[in-house]
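Single-letter residue listing:
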Amino acid sequence: MSTTVITNIGELVTNDPDAEDVLGAIPEAALVIEGGKVAWVGPAIDAPEADEQYDAGGRAVLPGFVDSHSHLVFAGDRSQEFAARMTGTPYAAGGIRTTVAATRSATDEQLTSHVARLVDEMRRQGTTTVEIKSGYGLTVRDEARSLVVARQFTEETTFLGAHVVPDGDPAEYVELVTGAMLDAAKEHARWIDVFCERGAFDEDQARAILAAGAAVGLKGRLHANQLTYGPGVRLAAELGLVAVDHCTYLTDEDVAALRDSGTIATLLPGVEFSTKQPYPDARRLLDAGVRVALASDCNPGSCFTSSLPLCIALAVREMGMSPAEAVHAATSGGAQALDRDDVGALTVGKRADLMILDAPSHVHLAYRPGVPLVAATWVGGRPHLSTH
Ligand SMILES: [Zn+2]
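Chains are numbered independently. Their residues run from 1 in the order of the written sequence. Only residues with pLDDT of 70 or above have their local features reported here, since the model is predicted, and side-chain atom pairs are shown and tallied only from 80 upward, although totals for entire chains, interfaces and linings are computed over all residues. Note: side-chain values were computed over all heavy atoms of the structure, leaving out hydrogens and water.

Before going further, it helps to examine the coordination of the zinc ion. Keep in mind that water is not among the atoms, so a site may look incomplete; donors are the N, O and S atoms within 2.8 Å of the metal, or 3.2 Å for Na, K and Ca. The protein atoms that coordinate the zinc ion are His69 (NE2), His71 (NE2), His223 (NE2) and Asp297 (OD), at distances spanning 2.0 to 2.3 Å. Of note is the zinc ion, whose four donor atoms meet at the metal with angles of 81 to 169° in an arrangement that counts as irregular. Along the chain, the residues donating to the zinc ion fall in the pattern H-x1-H-x151-H-x73-D. With a gap of 152 residues between them, histidine 71 in the loop between β6 (65-67) and α1 (79-86) and histidine 223 in strand β11 (residues 219-224) connect regions that are remote in the sequence. The rule is simple: four donors are tetrahedral if all their angles sit between 85 and 135 degrees, four are square planar and six octahedral if opposite donors span more than 155 degrees and the others lie between 65 and 115, and anything that fits none of that is irregular. For the purposes of this entry, the term helix denotes a DSSP run of H or I that reaches at least four residues, the term strand denotes a run of E that reaches at least two, and both are numbered from the N terminus.

Following this line, the structure appears as structure tokens:
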């Protein structure tokens, strides 16, 4: 098996959990790849010989971002809604219906090429693993084909039939989601998710939907406590879910429940940026001992960014995270939120998913907001070649 060494790395972020600092950073480092995995990391001066050599030129190398929350399968454009919101129209969950209509009318090919373009956009910004949800079909046929499209790009697919009640009686719709829709979706999904929020699904409905998913082997996650205080975060903790996402409005009881259950709080600051809402308080969560992830929530309504560097900059500027904590949350945190131990770190045995920054350290991701610092993204030990 051929080996590649990346040498002359100014700062190598490993996310080694045994290191003294949060990022397990190694200065003046090298990293050896064999069979698509990390085979060695350490000081460049000690690096073993390899078949191929790549000189990082003193730049920083980080684990690829693990974006644990996105809604990439959709059609249509809501830029006018965004423009209206920026000049005073508040965000309401019902705007989803506009995208649902466009998605239902799109062909599989149109949906697939749109997701391909967005995934490529993510790769160029350092993301190497992405979770993709359904949730803009909201019929048996359209939810199933949304997941078939998503599966072409990731193993981390999530059935979100319970995104919003499209029309008619909510109780009948929950029956559809937990019945025929789940039946059609289950073979194409690893996760099941519910938008547990006023105007979407309440606690009892969320509980029933997650239980139906669990009964057919889907692991649960929740959208919760985005727009106001509510029961979603405590439900996630009670059920021992891997992650609960948004966590903007939290009581002290919610924070304690997350700490005690070990459920990851996935924060999505691009949403607050794009809806002019208050940011979640990451500092409060970290100080309480809650594990935190950062993800994009890339979607056409409340947050149309695919950029984890933007989310890191916002988390540092607005949410009380240090640059190191924010980078850790967007890499290792994302991996934990997807229950993955093969990605999110660059220690021996992990997948060689990484980014090379046009910068000497990870701090530049927050220090130089809006600047395209990701010089290259490697997936499974090979440079990603942009197709768009
Ligand atoms: Zn979402």
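After presenting the structure, the write-up continues.
Moving on to the sheet that holds strand β14 (residues 292-294). Taken in spatial order, the seven strands of this open sheet run β8-β9-β10-β11-β12-β13-β14, and their pairing is parallel. The open sheet has two free edges, formed respectively by β8 (132-133) and β14, since each of these has just one partner strand. Two strands make a pair as long as DSSP finds a minimum of two bridges between them. Relative to strand β9 (residues 157-162), β8 runs parallel, the two being bridged by two bridges. Paired with isoleucine 132 across the strands is threonine 157, a residue of β9. The criterion used for residue contact is that any of the two residues' heavy atoms lie within 4.5 Å. Note on geometry: axes are C-alpha line fits, over the in-contact stretch for helices, and angles between N-to-C directions span 0 to 180 degrees. Against the sheet, helix α6 (residues 203-215) contacts β9, β10 (191-196) and β11, and its axis sits at roughly 175° relative to β10.

Summarising the model, the chain shows a mean pLDDT of 96, and 99% of its residues fall at 70 or more. Known as pLDDT, the predictor's per-residue confidence is scaled from 0 to 100. Per-residue pLDDT, averaged within each element of the chain, yields its smallest value for α1 (90) and its largest for β6 (99).

Moving on to the packing of helix α5 (residues 170-185) against α6. Running from N to C, α5 and α6 point in directions that differ by 10°, and their axes come no closer than 10 Å. In this view, α5 runs roughly parallel relative to α6, as classed from their interaxial angle. Only Gln205, Ala208, Ile209, Ala212 and Gly213 of α6 make contact with α5, whose side of the interface consists of Pro170, Val174, Val177, Thr178 and Leu182. Throughout, the ten residues Ala, Val, Leu, Ile, Met, Phe, Trp, Tyr, Cys and Pro are labelled nonpolar, Asp, Glu, Lys and Arg are labelled charged, and all others, Gly among them, are labelled polar. Of the residues that constitute the contact of α5 with α6, the class distribution is seven nonpolar, three polar and no charged. Roughly parallel refers to an angle under 35 degrees, roughly antiparallel to one over 145, roughly perpendicular to one between 65 and 115, and oblique to any angle outside these ranges.

Turning our attention to the state of the cysteines. A pair of cysteine sulfur atoms is labelled a disulfide when the two atoms are within 2.5 Å. Counted according to the given criterion, the structure contains zero disulfides. Cysteine cysteine 247 remains unbridged, with the sulfur of cysteine 196 as its closest cysteine sulfur at 12 Å. With no disulfide of its own, cysteine 303 lies closest to cysteine 311 among cysteine sulfurs, the gap being 6.2 Å. In this structure cysteine 303 comes out as buried when scored by relative accessible area, which is 0%. Partly exposed describes any residue whose relative accessible area lies between the buried limit of under 20% and the exposed limit of over 50%, with all areas from a 1.4 Å probe on protein chains only and scaled to the type maximum.

This part is about helix α2 (residues 96-105). Helical periodicity: at 3.6 residues per turn, an α-helix aligns residues three or four positions apart in one direction. Those residues of α2 lying buried are Ile96, Thr99, Val100 and Thr103. Buried residues of α2, viewed axially, fall in a sector of 105°; they line one side. Residues of α2 that are buried in the fold lie against α3 (108-123), α4 (140-151) and β10. Throughout, the arc means that of the directions going from the helix axis to the C-beta atoms.

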